[in-house]
Amino acid sequence: MARKVIGIGETVLDIIFRGGQPIGAYPGGSTFNAIISLARAGAQTSFISETGADRVGDTIISFLHENGVEADSVCQFPDTKSPLSLAFLNEQNDAEYVFYKDHPHDQLQFQYPEVHADDVVLYGSYYALNPVIRQQVCGFLRYAHEQGAILYYDVNFRKAHAHEVVKLRSNLLENMELADIVRGSHEDFEVVFGECDADKVYRSEVSFYCPNFICTHGAEPIRLHGVGEVVRSYAVAPTETVSTIGAGDNFNAGFIFGLLENQVTRQQLAAGLAVEQWDRLVARGQEFSAACCKSIFNYIDKK
């Protein structure tokens, strides 16, 4: 049976601005972007989420189907407005975001998709912490963990939620404890832990909960810690960017695609990967991320 990747996360419509003018509108969301790229790369994928029963929600569902993503677990609620994200690109093509979403009225109702040993579950962002839907999200993560899936947690914590860090800390720690791999950016860790040095974050905040850790830092080197005291640093090749929206999401997609193509199991992750295995996985992550940055879209191009 082919291994599959199951994503659980928010759906949004990203409206992208350059020079103060909108230049495009595309379905998005952190986990959503990664799942689309994985599907385009040929992985079997499924997505769990919620959206409004409106024109935006219909567009998002159609987009999932068009890209071969199983969307039976995406619920549409008639009294919910589909969320929007405004992304303003600066001269370096980095984005500043304004989100329009009513988090206190989030709701999530879905039947669990089948999960088998060594399938991969991707989760993260505020969606994986949101107290309103925490019971449903955590219930699924625990189920997937019990089934033997690999859990990949992308912290992806925005400054807009910095005032909630203390309230959400227990959920964050539980997410890390369930994870087989924790990935985040230096900005995420500065907001959550008040520290952006990857090695310090790993030693003081992450290693107790999850031994496999990746910290990305824009154009600066990627820092990795793994089981068996593996410590690696990876330079980021210069890339002519059109947009950095989705760069981190597509690193996740490429890394997960690497897990599948290299037949890495949860047991192997727990025992410790060889340096050469980590190198191949990170290289795939960088490849997908660079490919995404070369277009205005949030995902890699279709094959």
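For clarity, every value in this text was computed on a predicted model and none was experimentally measured.

Quick notes on the rules
Residues numbered from 1 in each chain as written. Predicted model: local features only at pLDDT ≥ 70, side-chain atom pairs only at ≥ 80, totals over all residues. Heavy atoms only, no water. Buried < 20%, exposed > 50% of the residue type's maximum accessible area, 1.4 Å probe, protein only. Helix = DSSP H or I, 4+ residues; strand = E, 2+ residues; numbered from the N terminus. Contact = heavy atoms within 4.5 Å. Salt bridge = Lys/Arg side-chain N within 4 Å of Asp/Glu carboxyl O.

Asker: Help me understand helix α5 (residues 186-193) in this model?
Answerer: At 3.6 residues per turn, the α-helix brings residues three or four places apart onto the same side. Of all the eight residues making up α5, six are buried; the element is thus mostly covered by neighbouring parts of the structure. Listed as buried for α5 are His 186, Asp 188, Phe 189, Val 191, Val 192 and Phe 193. Buried residues in α5 make contact with α4 (165-178), β10 (181-185), α6 (198-206) and β11 (213-217). Gly 194, located one to two residues past α5, shows a positive phi value of around 70°.

Asker: Quick question: what am I supposed to make of the pattern of salt bridges here?
Answerer: Taken as a whole, this structure holds 10 salt bridges when the rule is applied. Where Arg 142 meets Glu 174, a salt bridge forms, and the shortest distance between an N and an O atom there is 2.5 Å. Residue Arg 142 is found in helix α3 (residues 134-146), and its partner Glu 174 is found in helix α4; the two are separated by 32 residues along the sequence. Under the relative-accessibility criterion, Arg 142 is labelled partly exposed at 39%. Note that Arg 183 is salt-bridged to Asp 154, the shortest N-O span being 3.3 Å. On the criterion of sequence distance, the pair formed by Arg 183 in strand β10 and Asp 154 in strand β9 (residues 150-154) is long-range, its members being 29 residues apart. What makes Arg 183 buried here is its relative accessible area of 4%. Classification of Asp 154 as buried rests on a relative accessible area of 2%. One salt-bridge network, in which partners are shared between bridges, spans Arg 134, Arg 142 and Glu 174.

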